[in-house]
Amino acid sequence: MKYCDLRLHQPDWMIHPMGRFIRDGDVVQYDELVTWNLHPELSVEYELFYVELTDIASYCRALETIETIEWYRTVRLDDRSLFVLVCQQIRERMLALRKTFARLQVVVVPPIVYDTEAVMEFTVIGEQNALQTLVESVPGVTVLDTGTLETYDRPAIDSTAAVTDRQLEMLETAVRMGYYAVPREASLEDVATALECAKSTVSVTLRKAEATIIRSALT
């Protein structure tokens, strides 16, 4: 069994309207589809996103314009990040892609990360021949990394070659306050207080930034 980290550059006709909002503006700095679930009887799906933004209000206004979205709920983590639970109609183009995954008997490992060009990055697990067929049959796919399931030791690929602006801001604050000093001069709660956001948000964001930097150093 193999895993394959993929980058899918969607043609313009396939990009979701929110993907265009990400690509054509500067509001969304980081966006990942954490998990999703299809309704067994209705043609809708439920999706949970984690998003880092420069303007939450603009992002929510954009959501309001999407005809396929039946409803959404937001949970604000701080003034720049939030979780978004979305119920929206399943698009035929994405359903066709999922049918390809099902036919090849491969598994997509969350999260799916969208960069500032609305390009998707995600991990797929399956038999080697199936993964090769997937790469060859889906337009716009490039391979970032491959390996065996025995060596698969992370839940998903990282979204960027470098840390996001939000991650960098938190790293700089943590370093300045002495969070990384030995012995430690500031706690995670101290950093969260300085940034005026939740302790859990700082913890998750710092771990993502650290993982990015470490993987970059080891490659």
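Calculation notes
- Residues numbered from 1 in each chain as written.
- Predicted model: local features only at pLDDT ≥ 70, side-chain atom pairs only at ≥ 80, totals over all residues.
- Heavy atoms only, no water.
- Axes fitted to C-alpha atoms, helices over the stretch in contact; angles between N-to-C directions.
- Helix = DSSP H or I, 4+ residues; strand = E, 2+ residues; numbered from the N terminus.
- Parallel < 35°, antiparallel > 145°, perpendicular 65-115°, else oblique.
- Left-handed = near helix turned anticlockwise from the far one by under 90°.
- Contact = heavy atoms within 4.5 Å.
- Nonpolar A, V, L, I, M, F, W, Y, C, P; charged D, E, K, R; others polar.
- Pairing = 2+ DSSP bridges.
- Buried < 20%, exposed > 50% of the residue type's maximum accessible area, 1.4 Å probe, protein only.
- Salt bridge = Lys/Arg side-chain N within 4 Å of Asp/Glu carboxyl O.

Novice: Hey, could you run me through the packing of helix α3 (residues 92–104) against helix α4 (residues 128–137) in this one?
Specialist: Packed helix pairs are specified by the crossing angle of their axes together with the interaxial distance, meaning the distance between the axes. Remark: α3 packs on α4, axes separated minimally by 10 Å, with the N-to-C direction vectors making an angle of 155°. Taken together, α3 and α4 sit at an angle that is classed as roughly antiparallel. Once α3 is placed against α4, the crossing between them reads as right-handed. Where α3 approaches α4, its residues T100, F101 and L104 are matched on the opposing element by A130, T133, L134 and S137. Looking at the contact of α3 with α4 residue by residue, the classes come out as four nonpolar, three polar and no charged.

Novice: What should I look at first to understand the sheet that holds strand β4 (residues 69–76) in this one?
Specialist: Think of a sheet as strands paired side by side through backbone hydrogen bonds, with each pair either parallel or antiparallel. Taken together, the eight strands give an open sheet; going across it, the order is β4-β5-β3-β2-β6-β7-β1-β8, and neighbouring strands pair in antiparallel fashion. Sheet topology places β4 and β8 (141–148) at the edges, where each strand pairs with a single neighbour. Adjacent strand axes in the sheet meet at a mean angle of 20° when their direction is disregarded. In this sheet, β8 lies alongside strand β1 (residues 2–8) in antiparallel orientation, the contact comprising seven bridges. Looking at β8, one finds that C4 is bridged to T146. Seen against the sheet, α4 touches β1, β7 (120–126) and β8 and runs at an angle of roughly 10° to β1.

Novice: Would you mind showing me how to read the environment of I66 here?
Specialist: Within the fold, I66 resides in the loop between α2 (56–64) and β4. For I66, a relative accessible area of 7% corresponds to the buried category. Separated by 48 residues in sequence, I66 and M18 place their C-alpha atoms 7.7 Å apart.

Novice: Would you take a moment to explain the pattern of salt bridges for this structure?
Specialist: In total, this model carries five salt bridges according to the counting rule given. Note that R7 and E121 form a salt bridge whose closest N and O atoms lie 2.5 Å from each other. In this pair, R7 sits in strand β1 while E121 sits in strand β7, placing the two residues 114 residues apart along the sequence. Classification of R7 by relative accessible area gives partly exposed; the value is 25%. Given the relative accessible area of 7%, E121 is considered buried.

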